[in-house]
Structures are given as structure tokens and as C-alpha cells.
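Inside the fold
Take a look at the letters that make up each chain.
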Amino acid sequence: MNTHRYLKLRKIFLAAALLLMCQPAWAEKRVALVLGNSAYQNVAQLPNPVNDGAIIAAKLREAGFDVVDSRHDLPAAETRRALRDFADRSRDADIAVV
């Protein structure tokens, strides 16, 4: 058997072995916090962030996230509170997305 053919066969065997040995990573608890701010004090209102946040939250729900907290147009103090609450909820999560 020539060397080129041997290397090609070896690569195919390695790829097949990796595919058979790999198992999907299933997360038990997945949580997400989506923040979309359109209304700022010193600039004109932005048209997209709230809509984008709603779309992202919907996609995360479709992806099977257990908790998806979607907030929009929060003042600074409320944003900090939402982040603290999310940190508490995500302590035992396998995946947490902000």
C-alpha cells in the first residue's frame, strides 16, 4: 500500500473514531438574562435594541433555556439589581448567558 493511500485511510479512520467517541454536551440547567436598552437620558431613542433583545430571548427559549429573563430600558440601579438577581439564579446553572 502506498504512503498517500495509507495516510488517507488513517485520517478517515481517525475521523470515524472521533465521531463515535464524542458524546453531545447536555446541560441540565440553562439560564439567560437579556438586556435591551433603547431609551437613554442623553441621546435619542435607539430603534433596535429592545426588538433585538426580544428576538434573542425568543431564540434562547427555543434553544431550551430553562429561565430567560428579558428586560429592557432599565435605569442603572435596576440593571445592577437584575444582574445581582441573575447571578443568584445562575449559581447552580450549567450554562449562564448574559
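Residues numbered from 1 in each chain as written. Predicted model: local features only at pLDDT ≥ 70, side-chain atom pairs only at ≥ 80, totals over all residues. Heavy atoms only, no water.

**Considerations on the overall build of the chain**
To be explicit about the condition: Strands here mean DSSP runs of E at least two residues long; helices mean DSSP runs of H or I at least four residues long; both are numbered from the N terminus. For the exposure calls, accessible area comes from a 1.4 Å probe over protein chains only, and a residue counts as buried if that area is under 20% of its type's maximum, exposed if over 50%, partly exposed in between. Any pair of residues with heavy atoms lying within 4.5 Å of one another is described as a contacting pair.
The helix and strand inventory of the chain stands at three helices and three strands. Counting helices and strands in the order they occur from the N terminus, the chain gives α-β-α-β-α-β. Counting all 98 residues of the chain, 17% fall into the buried class. Looking at the chain alone, contacts between residues at least 24 apart form 64% of all its contacts between residues at least 6 apart.

**Concerning the pairing of strand β1 (residues 30-36)**
We count it as follows: At least two DSSP bridges between two strands are needed for those strands to be called paired.
Where burial is concerned, most of β1 is hidden: five out of the seven residues are buried. Sheet analysis places β1 next to strand β3 (residues 95-97), joined by three bridges and oriented parallel. Bridge assignment links R30 to a residue of β3, and that residue is I95. As judged from the six bridges shared by β1 and strand β2 (residues 67-72), these two strands associate in the parallel manner.

**Some words on a nonpolar patch on the surface**
Here is the rule: Two distance rules govern patches: like charges are joined within 9 Å, and nonpolar side chains (Val, Leu, Ile, Met, Phe, Trp, Tyr) within 5 Å, applied only to residues with over 30% relative accessible area and no salt bridge. Throughout, the Shrake-Rupley method with a 1.4 Å probe supplies accessible areas, and for residues the shown protein chains are the sole cover considered. Salt bridge, as used here, is a side-chain nitrogen of Lys or Arg placed within 4 Å of a carboxyl oxygen of Asp or Glu.
The grouping of L35, L83 and V98 at the surface amounts to a nonpolar patch, some 250 Å² of accessible area in total. Mapping L83 onto the fold places it in helix α3 (residues 76-89).

Keep in mind these numbers describe shape, not what the thing actually does.
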